[in-house]
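Listed below are the residues making up each chain.
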Amino acid sequence: MDDLLQVEVNAEQLKEETEHELQEMLESVPGKKILGLDPSLGGMLSLVTNFAELKEKYDISLIFKIQEESDIDLDPGETVIYLTMPEVQMMRNIAYQIHGHQRKEIDADYYIYICPRKTLICEKILQIEGVLDLVAVEDFELALIPMDKDLISLEYKGSFKHVISDETTSLYHNVAEAVKKLESYYGKIQHKYGKGKGAHKVLKILKDLEAIDDLADDELESQIDCAIFVDRTVDLITPFCTQFTYEGMIDDMYSIENSHICVPGTLIGLETDEKKMLPLNSEDEFYEEVRNLHFSVLRTLFTG
C-alpha cells in the first residue's frame, strides 16, 4: 500500500505531449491565422500551454471563444482555425461565422479540428449549414489532461448526457484509447475490472484493441497492477450529496474549473472586487494537507 501512495502522474510528460500535438497542428497551417476555441477547451488547454507564447511563435493574431451568433473580423490572407469538441451547437456557431464572412465577401481558408475525433453528426450539420465544402475537418486527439500530481482527466463535459440521453457510444472508444495511451507511459495494466454496463463496454473495446496491438506486452515494465472502471450509472446519488470537505465546500461556493477558482480580489486581500483566478492543486502544501479534511476537523485546525 505504501508503494501505491508514492505513485504520481508524470504531469510534465503529459503536458509536453499535449503541447507538442497542439504545436504540430498550428505548424501544419501556414501563414497568418486566428484561432477559435470551444469555451470548454480554453481553460483545459491553459493547463498545458501558454497562449501568449503560441500567438507570438505561430503568427496568431487573435485567439477567441467560439460563441453563438458572434462575428469575427478577418484581415486579408488570414486563415481561421477552429478547435472544438464534437458538439452540434459548435458546428452551427462556426457555420454562422463562415456565412458572415461570405456576406462581407471575405475569402479565407478554414480548418476545424475536433477533439478527440470528428463525428458523422458534426459533418452532417456542417453539410446542412452549407459550409462542409468550405472547411477541412480533422481529428485532434486531446486526452489525459493532468489536473494534479495524482489526477488526470479527459474533461468530457456533458459526457453523461451524451451516453444516456443521446445514446452516443463514441465516448467508450475515447476512454479506451486514453487507457492505451496511459499504458504507453506506464506499461500494460495487468488487471482490469469494471462495474456497470459502460465500464464493461470499455473493457471489451480494450480487449479488442489489445488483440490488434502490435506492441509487445512486455515492451515497458508495468507500473500499474490494477485498474478499476466504474460506470456513473452504478451510483447516481453521490453527485447530489452535499460535500463537507474543505475542497468540496470551495467547489460548492466557487465552482472549481480546471483546478482553478475565480474569486473577488477582496477575498484574497486586494483592494478591488475584480475577479482573480487562483490555482488549487498539490503545489500548495497547505491546500494539499487540508483539501480532503471534514469541516469539523478544519474548525479545530484553523482555531488552533
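Structure: see above.
Overview of the structure.

Conventions and cut-offs
Residues numbered from 1 in each chain as written. Predicted model: local features only at pLDDT ≥ 70, side-chain atom pairs only at ≥ 80, totals over all residues. Heavy atoms only, no water. Pairing = 2+ DSSP bridges. Helix = DSSP H or I, 4+ residues; strand = E, 2+ residues; numbered from the N terminus. Axes fitted to C-alpha atoms, helices over the stretch in contact; angles between N-to-C directions. Contact = heavy atoms within 4.5 Å. Parallel < 35°, antiparallel > 145°, perpendicular 65-115°, else oblique. Left-handed = near helix turned anticlockwise from the far one by under 90°. Nonpolar A, V, L, I, M, F, W, Y, C, P; charged D, E, K, R; others polar. Buried < 20%, exposed > 50% of the residue type's maximum accessible area, 1.4 Å probe, protein only.

A look at the sheet that holds strand β2 (residues 60-65)
Taken in spatial order, the five strands of this open sheet run β2-β1-β3-β4-β5, and their pairing is parallel. Two strands in the sheet have a free side with no partner beyond their single neighbour: β2 and β5 (135-139). If you compare each strand with its neighbour and ignore which way they point, the axes differ by 20° on average. Docked against the sheet, helix α2 (residues 11-27) engages β1 (33-37), β2, β3 (79-84) and β4 (109-114), running at close to 150° with respect to β3. Contacts from helix α5 (residues 88-103) reach β2, β3, β4 and β5, with the element oriented near 170° to β3.

Regarding the packing of helix α8 (residues 170-186) against helix α9 (residues 197-212)
Here α8 crosses α9 at 55°, and the two axes come no closer than 9 Å. By the angle between their axes, α8 is oblique relative to α9. Crossing angle aside, the handedness with which α8 passes α9 is right-handed. For the pair α8 and α9, the contacting residues are Tyr172, His173, Val175, Ala176, Glu177, Val179, Lys180 and Glu183 in the first and Gly198, Lys201, Val202, Ile205, Leu206, Leu209 and Glu210 in the second. Considering only residue class, the contact of α8 with α9 consists of eight nonpolar, two polar and five charged.

Focus on the pairing of β1
Most of β1 sits out of view: five of its five residues are buried. Pairing of β1 with β2 involves five bridges; the strand directions are parallel. Paired with Lys33 across the strands is Ile60, a residue of β2. Sheet analysis places β1 next to β3, joined by five bridges and oriented parallel. In the sheet register, Gly36 faces β3, and the bridge partner there is Tyr82.

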